[in-house]
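# A closer look at the structure
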Amino acid sequence: MTTYLMLLTQVLSIFGFACYAASLTLIQTEWQLSNFQSGFLASSFFIGYVLVVPFATTLTDRIDTRQIYLAGGLLASIGLFGMGYFSSDFHNAWFFLMLHGAGISATYMPGLKIISDRVTIGEITRHISFYTAFFGIGNALSYYVSGILIAQYGWRAAFLITSIGPALAGILAWLGTQRLAGEKSFFEIKFDLKDAFPLLRWKKVLETKEALGYMLGYTAHSLELFASRAWLVAFFVYAATIANPENSFPLTATVIATLINLIGVPASIIGNEMALRIGRHRWVYWVMIGSAISGISLGASLHAHWSIILILAFIHSIFIMADSATLTAGLVISVPQDIKGAAMGLHSVMGFSGGLLGPAIFGATLDISRAMGHDGWMAAYASIVVWGLIFVFYTQFSLWKVQRKS
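Residues numbered from 1 in each chain as written. Predicted model: local features only at pLDDT ≥ 70, side-chain atom pairs only at ≥ 80, totals over all residues. Heavy atoms only, no water.

## Thoughts on the overall build of the protein chain
Looking only at helices and strands, the protein chain has 18 helices and zero strands in total. Taken against the 2.2 N^0.38 rule, which gives 22 Å for 406 residues, the C-alpha radius of gyration of the protein chain at 20 Å falls within 12% of a compact globule. The principal-axis extents of the C-alpha atoms in the protein chain amount to approximately 65 × 60 × 35 Å. Expressed as a percentage of its 406 residues, the buried residues of the protein chain come to 59%. Within the protein chain, contacts between residues at least 6 apart in sequence are counted, and of these 85% link residues at least 24 apart. Summed over all atoms, the accessible surface of the protein chain reaches about 16,700 Å², with 69% contributed by carbon and sulfur. (Helix = DSSP H or I, 4+ residues; strand = E, 2+ residues; numbered from the N terminus. Rg over C-alpha atoms; globule rule 2.2 N^0.38 Å. Buried < 20%, exposed > 50% of the residue type's maximum accessible area, 1.4 Å probe, protein only. Contact = heavy atoms within 4.5 Å. Areas by Shrake-Rupley, 256 points an atom, 1.4 Å probe, with all protein chains shown as cover.)

## Digging into helix α12 (residues 209-242)
Spanning 34 residues, α12 covers 48 Å between terminal C-alpha atoms, matching the ideal 50 Å at 1.5 Å per step. Along its length, α12 shows its largest kink, about 45°, at W231. (Expected span 1.5 Å × (residues − 1). Bend = angle between axes of the 7 residues up to and from the residue.)

## So, the packing of helix α2 (residues 19-31) against helix α3 (residues 35-59)
The geometry of α2 relative to α3 is characterised by a closest axis approach of 10 Å and an angle of 140° between their N-to-C directions. Taken as axis vectors, α2 and α3 run oblique relative to one another. In this structure, the crossing between α2 and α3 has a hand that is right-handed. Between α2 and α3, the contacting residues are Y20, L24, Q28 and W31 on the first element and N35, S38, L41 and A42 on the second. (Axes fitted to C-alpha atoms, helices over the stretch in contact; angles between N-to-C directions. Parallel < 35°, antiparallel > 145°, perpendicular 65-115°, else oblique. Left-handed = near helix turned anticlockwise from the far one by under 90°.)

## Considering the pattern of salt bridges
For the coordinates displayed, the defined rule picks out two salt bridges. Notably, a salt bridge pairs D64 with R66, separated by 2.8 Å at the nearest N-O pair. Taken individually, D64 and R66 each receive the classification buried, so the pair is uniform in this respect. Of the charged contacts, one joins E273 and R277 as a salt bridge, the two residues approaching to 3.3 Å between their closest N and O atoms. Taken as a pair, E273 and R277 lie in helix α13 (residues 253-278) at a separation of four residues, close to a single helical turn. In this structure E273 comes out as buried when scored by relative accessible area, which is 18%. On the accessibility criterion, R277 (61% relative accessible area) is exposed. (Salt bridge = Lys/Arg side-chain N within 4 Å of Asp/Glu carboxyl O.)

## Describing helix α5 (residues 90-105)
Taking 1.5 Å of rise per residue, the 16 residues of α5 would be expected to cover 22 Å, and the 23 Å separating its terminal C-alpha atoms lies within 8% of that figure. For α5, the buried fraction is high: 12 of the 16 residues fall into the buried class. Residues of α5 that are buried make contact with α1 (2-13), α2, α3, α4 (65-85), α6 (108-118) and α8 (155-162). Here α5 starts with a cap whose side-chain oxygen sits 3.1 Å from the backbone nitrogen of H91, and that cap is D89. (Polar contact = N/O pair within 3.5 Å; in protein donor to acceptor, adjacent residues only side chain to side chain.)

## Digging into the side chain of H347
As for its position among the elements, H347 is in helix α17 (residues 340-371). Since its relative accessible area comes to 0%, H347 is described here as buried.

## Points about the packing of aromatic side chains
A complete count under the given rule lists 32 aromatic pairs for this structure. Judged by centre distance (6.4 Å) and plane angle (40°), the ring pair of F36 and F40 falls under tilted. Of this pair, F36 and F40 both sit in helix α3, four residues apart, which is roughly one turn of that helix. Looking at F40, the relative accessible area reads 25%, which means it is partly exposed. Ring geometry for F45 and F46: centres 4.9 Å apart, planes at 80°, overall edge-to-face. You can call F45 buried: its relative accessible area is 6%. (Phe/Tyr/Trp six-rings, centres within 6.5 Å; stacked < 30°, edge-to-face > 60°.)

## Describing unusual backbone geometry
The phi torsion at Q32 lies on the positive side, around 55°, for a residue other than glycine. Relative to the helices and strands, Q32 resides in the loop between α2 and α3. Its relative accessible area of 72% is what places Q32 among the exposed residues.

## Here's the deal with the nonpolar core
Core analysis: the largest hydrophobic core is formed by 55 residues, its most contacted members being M83, F159, F236, F362 and W377. Ranked by residue count, the leading element in this core is α12, at 10 residues. Core analysis: the second largest hydrophobic core is formed by 54 residues, V53, M109, Y218 and A220 among them. (Core = buried A, V, L, I, M, F, W, Y, C linked by side-chain atoms within 4.5 Å.)

## Some points on the packing of helix α14 (residues 280-299) against helix α16 (residues 324-334)
The N-to-C vectors of α14 and α16 enclose an angle of 150°; their axes lie 11 Å apart at closest approach. Judged by the inter-axis angle, α14 sits roughly antiparallel to α16. Judged by the sense of rotation from one axis to the other, the crossing of α14 with α16 is left-handed. Of the residues in α16, those in contact with R280, W283, V284 and M288 of α14 are T326, L327, A329, G330 and I333.

## With respect to a nonpolar patch on the surface
On the surface, a cluster of nonpolar side chains totalling about 410 Å² of accessible area is made up of Y153, I161, I164 and L168. Along the chain, the position of Y153 falls in helix α7 (residues 124-153). (Patch = residues over 30% accessible without salt bridge, like charges linked within 9 Å, V, L, I, M, F, W, Y side chains within 5 Å.)

## Comments concerning the environment of Y285
The residue Y285 is located in helix α14 in this model. Residue Y285 is classed as buried on the basis of its relative accessible area of 16%. When the C-alpha atoms of Y285 and Q396 are compared, they prove to be 9.0 Å apart, with 111 residues separating the residues in sequence. Leave out the neighbours within four places in its chain, and Y285 touches F391, V392, T395 and Q396.

Set out below in structure tokens:
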């Protein structure tokens, strides 16, 4: 029952996650932003996430995790509401988007901790794979609802309305799960710097080579995933503007983004099952290579028939998500129970640091390529998929060195 509830709260918590991506081109035009500035605003979410997630997840080893989740949901709602009501330009918008990211950091991994602490029967990695996969459902719903709200009422109203989701998620998680025996309240413990930066605990995590590998892979995965998601609507808006009437897309950009995100849900779940059968490492390597090939192909397909572009977009999304659950589940089961919260925190810090860099790298590459006279989309996709290839080559080279010594 706990897992089902947390799947629902997972969807609600990111109800406004895609609101900026869905409105990127409108805000860019209204505020006359460069592609780098637009990408940086998408990255602002991850700045807030990375700043808060070490503190939030480490505290899950010490206090009632439900309190952390509730606080995160409320903070995320404040960020979305502020973006819709108060923002007026680039310089204050990034602050509200950062607050949104800070709030989500206190819901995503803590929500996973709520599940892993309470599920005592069955294959825990399957619960984890469903939880991570439902991020795709929430993201898809966010694209779809944001697109409708933006079309009907404007982008500001979209932020205001979707701000309801995270607060509701926090309340449901608080009321719908039970406090575990031995968990202390937020007000019953003392805080110090090591709560935000548990260096000794992180050192223990990093000493586990298996966990380190999963975290490095998650960093490359997140950089590509969140850059792609941030620019997905803009990509299809651009593709529609250069298409001739006979080659126009049958769906709007936000609806396409919704469907693309939905395909990631079974991809993540099935990917974890495949990893259980053929081995996690082998699965991750092949998936990252496939993601790189399909990503570059998608960026190069702008002048192809709309059906080809859609097929490539779906294939790329499948590859991106096929190792998502595998990487997170691998991390969770590779570390001891007493440092699991700290491990999840470091996993998020590294992964979402990649998410922080990805949208800005993508936007900056677009600016540079266009300054050189190109449309820039193939180069932009290449700039985010290359990190997965680097991870594969690095880990394979390290394994080869170990085998050679032995």
